[in-house]
Amino acid sequence: NESPALIARKLLRVNLSDLAAMGAVPRAYLLVLALPEQVDDDWLEAFSAGLKEDQESFGVTLIGGDMVATPGPLTLSLTLLGEAGEQGVMVRSGARAGDVVFVSGTIGDAALGLRVLEGELTGPDREAADFLCARYRLPEPRLELGRRLRGVVSAGVDISDGLAADLGHICETSGVGARLDASRTPLSPAAQAALDADPSLMEVILGGGDDYEILFTAAPEREPEIMALGGEIGLQLTAVGTILEGEGVVVEDGEGGEIVLNHPGYTHF
């Protein structure tokens, strides 16, 4: 069980990540709470404190919503409103054959962190386990990156369902295919150590989701500009694949072999 403050902050941040992936500036949000009897004033006070902390950090304001009683379970719904810039927003539908596929940050930390919390992954030492769990509990929406990518990239999405699945969303919407090089997936030292100990965890890393990094595509001639941007804002940006004619995502191991993912990512329906 997570603390109410942490629940509030993650609820806000995962919605901020959606706006980051569009290059939009967050402004305000609506919140709906359906509360069972077990939720008391202490819980609400802690939840509100978490919201307040991240509201101030990200410059957003609660402007309305609703609160109702329910026999259960506790249900939270947040709708975030943002503003597009003069160049519009990033969409999923602009990828073209020949584009390079990029990701921000490192991939797989949150999915591995969830397995640590569930007791399914016991290999990492305390420091590594704490890092992985923190990445799951409190994602970092890449708002500055999203804003800076407007007008530079052809398509973008945040990685919530999993790297392979969200690349598939771009491909489906854009009417293209993609090749993803698993060997180029950027990993934290903690994730790399876990993978070295158990290579089967690559499927978790590519399909586990909850990364909330930005996955985007751009023409090859934009790569130097994109890499310079990463250095400027202090965020690792990595080329991990290529957009192709056709459909679907092919995952390769870096040596020409194909990796078949039994669970390529979260399915909403």
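Described below are features of the structure shown in this document.

Criteria and cut-off values
- Residues numbered from 1 in each chain as written.
- Predicted model: local features only at pLDDT ≥ 70, side-chain atom pairs only at ≥ 80, totals over all residues.
- Heavy atoms only, no water.
- Helix = DSSP H or I, 4+ residues; strand = E, 2+ residues; numbered from the N terminus.
- Expected span 1.5 Å × (residues − 1).
- Buried < 20%, exposed > 50% of the residue type's maximum accessible area, 1.4 Å probe, protein only.
- Axes fitted to C-alpha atoms, helices over the stretch in contact; angles between N-to-C directions.
- Parallel < 35°, antiparallel > 145°, perpendicular 65-115°, else oblique.
- Contact = heavy atoms within 4.5 Å.
- Nonpolar A, V, L, I, M, F, W, Y, C, P; charged D, E, K, R; others polar.
- Pairing = 2+ DSSP bridges.
- Polar contact = N/O pair within 3.5 Å; in protein donor to acceptor, adjacent residues only side chain to side chain.

**Regarding helix 1 (residues 4–20)**
Argument step 1. Here helix 1 is 17 residues long and its end C-alpha atoms lie 24 Å apart, about the 24 Å a rise of 1.5 Å per residue gives.
Argument step 2. Across the 17 residues that make up helix 1, a large majority, 14, are buried.

**Considerations on the packing of helix 3 (residues 109–117) against helix 4 (residues 126–137)**
Argument step 1. Running from N to C, helix 3 and helix 4 cross one another at 110°; their axes reach a closest spacing of 7 Å. Comparing their axes, helix 4 and helix 3 come out roughly perpendicular. From helix 3, D109, A110, L112, G113, L114, V116 and L117 reach across to helix 4, where they touch A129, F131, L132, C133, R135, Y136 and R137.
Argument step 2. The residue makeup of the contact of helix 3 with helix 4, split by class, is 10 nonpolar, one polar and three charged.

**Looking at the sheet that holds strand 4 (residues 100–104)**
Argument step 1. In spatial order, the strands read 5-7-4-8-6-9; together these six strands make up an open sheet with mixed pairing. Two strands in the sheet have a free side with no partner beyond their single neighbour: strand 5 (155–158) and strand 9 (248–252). Strand-to-strand twist across the sheet, computed as the mean angle between neighbouring axes with direction ignored, equals 25°.
Argument step 2. Of the strands in this sheet, strand 4, strand 7 (214–218) and strand 8 (237–244) are in contact with helix 9 (residues 223–233), which crosses strand 8 at around 150°.

**A word on the side chain of S17**
Argument step 1. The residue S17 is located in helix 1 in this model.
Argument step 2. Of the polar contacts made by the side chain of S17, one reaches the side chain of D158; its length is 2.8 Å.
Argument step 3. Ignoring sequence-local partners within four residues, the contact set of S17 consists of P141, D158 and Y212.

**Structural notes on the sheet that holds strand 2 (residues 61–69)**
Neighbouring strands of a sheet are bound in pairs by backbone hydrogen bonds; such pairs are parallel or else antiparallel.
Argument step 1. The sheet built from three strands is open, its strands ordered 2-1-3 with mixed pairing. At either margin of the open sheet sits one strand with a lone partner, and together these are strand 2 and strand 3 (75–83). The sheet shows a mean angle of 15° between the axes of neighbouring strands, taken without regard to direction.
Argument step 2. Of the strands in this sheet, strand 1 (25–35), strand 2 and strand 3 are in contact with helix 2 (residues 41–58), which crosses strand 1 at around 170°.

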